[in-house]
Amino acid sequence: MKIAVIGGGPAGAAAAMTLAKAGIETYLIEKDLKSEKPCGGGIPCGALREFDIPDRLFERKVSKVGIIAPSGYEVLADLGDGYVGMVDRARFDPYLRERAVQAGVILIEGVFTSIEQSEKIIVNFKYGGRAESIEVDAVIAADGANSTVAKQVGAERPQLYLAVQEKVHLTGESKRFYEDRCEIWYGAGISPNLYGWVFPKADFATIGTAAPYGHGRFMDDYMAAFKKRLNGRIDGAKLLKKEAHPLPMGPIKKKVYGNVLLVGDAAGTVMPISGEGIYYGIMSGKLAAEALIKRDFASYDREWKRVYGSQFRLMTLLRQWFYKDDKWRERLVRMHEDKDAQERSMSLWLNKEKGYPIYSIYWTIFKSLIRHI
Ligand SMILES: Cc1cc2nc3c(=O)[nH]c(=O)nc-3n(C[C@H](O)[C@H](O)[C@H](O)COP(=O)(O)OP(=O)(O)OC[C@H]3O[C@@H](n4cnc5c(N)ncnc54)[C@H](O)[C@@H]3O)c2cc1C
């Protein structure tokens, strides 16, 4: 079997590596090996353990998460032995691709243009300005939120948010303040359907917010309101870069289109309540590759549903509930005062390998809400 993976982000690199390790002839086509995906780069410690990511790739490990309510009320969650790992995508993505190459993947810096899909697939791409093509048995589409492959096979598209982010250089007091903490800020004025974030790296921090695409013209206002609320915490930090990128919010139902399988942002595998997409992108890449290895392509949709279906349903429901208005956001934050609720919520983020005890989560939230309503 011969497979082409389009897109060399975390999802594509993970899929390609899994295929090559199984002895399959695998081509990974990435349009720009030097590009840096706009991203907060926050990855929970459990995921880093699962993927065996070496320490040298962490810009920072933070063991405290500041959760700030619309009123300014703040809960500082202590992660104990756990941490959120902060990676710089400019180093993280090349590392994942290099691992895939070590496993036997043939990496091509080329721009995918089109496919001709029948029993076999012809993949057309541009390589050094020339038009090239390869014939393969199946394609994994990992070409991100604006996936060209997905459009060509007529796949369902996920709901897209627009995420805007500033990279700022931290010095002095700001650098010390964010030494061991990241922050999540709630409020309709800074993000009506998600939250604002401060994720520190070694010398810089990424500060961002996101909202559904229709809010595009308000993004500058949300960012300005967010920085105002940061209230001196990043004053004087030099702006290094401003960036914006689509962020899908939740997976499409059907990810398999004949011999084309969609993974990562191309399939919308981002957790709707948190915007977390690196972990789920990598996992979707692995599941799709495993389905190809078994030569049972359709099993990818089934496996995804079996492993992640209930998590995504639960988190979509909680998002509708807690992101309704600022009163509910306030309750969400205050709920984290309760040690049990705090540990439960942080553990869901940090230790995914332990699974989602759905009913006990409902019970914890219910008990906590009773106290805060
Ligand atoms: C501002 C922002 C902040 C975020 N913060 C976080 C966070 O802190 N933690 C987290 O877990 N998630 C975060 N996310 C989400 C996360 O970045 C994505 O979910 C994740 O990158 C998905 O990986 P992927 O491999 O599916 O797609 P991508 O990382 O987007 O990779 C797609 C790849 O395909 C390539 N490509 C595209 N078109 C073509 C083509 N025609 N030919 C060849 N190659 C092509 C691109 O160059 C790219 O390398 C954030 C997203 C945004 C926008």
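Before reading further, recall that the structure is shown in the block above.
Below: a short report on this structure. (Residues numbered from 1 in each chain as written. Predicted model: local features only at pLDDT ≥ 70, side-chain atom pairs only at ≥ 80, totals over all residues. Heavy atoms only, no water.)

### Some remarks on empty space enclosed by the protein
A probe as big as a water molecule, rolled over the atoms, marks out the empty space that is left. Counted under the stated rule, the structure contains 1 cavity of 30 Å³ or more. By volume, the largest cavity is sized at about 70 Å³. In terms of lining, the largest cavity is formed by 13 residues, of which the most central are E36, C39, D88, R89 and T206. At the level of secondary structure, the elements contributing two or more residues to the lining of the largest cavity comprise β13 (160–169) and β16 (204–212). When grouped by side-chain class, the residues that make up the lining of the largest cavity number 4 nonpolar, 2 polar and 7 charged. In this structure, the lining of the largest cavity is formed jointly by two domains, domain 1 (2–38 + 89–158 + 249–309) and domain 2 (60–86 + 159–248), each of which donates at least three residues. (1 Å grid on protein atoms, 1.4 Å probe; cavity = no way out; pocket = protein on both sides within 12 Å on 5 of 7 lines; lining within 4 Å. Points joined across faces, edges and corners; volume = space filled by probe spheres on them. Helix = DSSP H or I, 4+ residues; strand = E, 2+ residues; numbered from the N terminus. Nonpolar A, V, L, I, M, F, W, Y, C, P; charged D, E, K, R; others polar. Domains from an automatic or database assignment.)

### Comments concerning the pattern of salt bridges
Scanning all chains against the criterion turns up 22 salt bridges. Measuring nitrogen to oxygen at the nearest pair gives 2.7 Å for the salt bridge that ties R89 to D93. Remark: D93 and R89 occur in helix α3 (residues 89–102); sequence separation between them is 4 residues, near one turn of the helix. Overall, D93 belongs to the buried group, its relative accessible area being 6%. Of the charged contacts in the structure, one is a salt bridge between D203 and K175, with a shortest N-O distance of 3.0 Å. (Salt bridge = Lys/Arg side-chain N within 4 Å of Asp/Glu carboxyl O. Buried < 20%, exposed > 50% of the residue type's maximum accessible area, 1.4 Å probe, protein only.)

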